[in-house]
Amino acid sequence: GPAAVSGESTRQLVKFSLYSGHTEEALTLAQSLLSEKHDPDLAVGEILGLIVQGDYGRAREKALRLWQYRHERSRALAMLGLITHLKGGRKTYQPEDARRPEVIKALLGILENCLCHAPHAGKWGLNTEGWSRLVKGITGYLAYFSPEGAAALCGYLEEKAASVRIWMERRYGPARE
């Protein structure tokens, strides 16, 4: 019904606000929606917003709350590991073998959103430094926590490079040798 459409469009607004650098707006909206009912995607968005703001303590609290939902544990672990990594923790969380693919998938999904909707530097009021730190943190954590994480990151970046190459060839023609 209309309420479901409204709820979905509000979730999309939170995602757009978050990934376009309007962190404060996204957090306010996500927190008001989360006070009504649990939504794992909004919860992850809230955690990411807190990370971008450098509020690792509250981000950790929210990630531990997400952990309480059995089907969200891999995303919660991805957030907890990322927070520890960003804080410069010497013992960054190493997900167990069974959870590793889900943790990698969650981190690559976030990285994709960060790169697709990245805020442009120089726009007034946007926290581009926080987003840059988040992207570097995700790539660093993926490369660090396991060979599978590093391989997945390499595969992701190779896929993106291939897409750019194809676009460039279509736009400008094949490269000359």
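What counts, and at which threshold
- Residues numbered from 1 in each chain as written.
- Predicted model: local features only at pLDDT ≥ 70, side-chain atom pairs only at ≥ 80, totals over all residues.
- Heavy atoms only, no water.
- Helix = DSSP H or I, 4+ residues; strand = E, 2+ residues; numbered from the N terminus.
- Buried < 20%, exposed > 50% of the residue type's maximum accessible area, 1.4 Å probe, protein only.
- Polar contact = N/O pair within 3.5 Å; in protein donor to acceptor, adjacent residues only side chain to side chain.
- Contact = heavy atoms within 4.5 Å.
- Phe/Tyr/Trp six-rings, centres within 6.5 Å; stacked < 30°, edge-to-face > 60°.

## A word on the side chain of E72
Okay, step 1: One can find E72 in the loop between helix 4 (56-67) and helix 5 (73-86).
Okay, step 2: Assessed through its relative accessible area of 9%, E72 is described here as buried.
Okay, step 3: Within the structure, E72 has its side chain in polar contact with the side chain of R75 (distance 2.8 Å).
Okay, step 4: Every residue in contact with E72, bar those within four places of it in the chain, is listed here: P40 and L66.

## Concerning the packing of aromatic side chains
Okay, step 1: All told, the structure shown has three aromatic pairs when counted by the stated rule.
Okay, step 2: Arranged with centres 5.6 Å apart and planes meeting at 45 degrees, the rings of Y19 and W131 form a pair that is tilted. Linking Y19 in helix 1 (residues 2-19) with W131 in helix 7 (residues 128-145), this pair joins segments that are 112 residues apart in sequence.
Okay, step 3: Taking relative accessible area as the criterion, Y19 reaches 6% and is therefore assigned buried.
Okay, step 4: Since its relative accessible area comes to 4%, W131 is described here as buried.
Okay, step 5: Consider the rings of Y141 and F145, whose centres lie 4.8 Å apart with planes at 40 degrees: the pair is tilted. Of the two residues, Y141 and F145 are both situated in helix 7; the distance of four residues between them amounts to about one turn of the helix. The same class applies to Y141 as to F145, namely buried.

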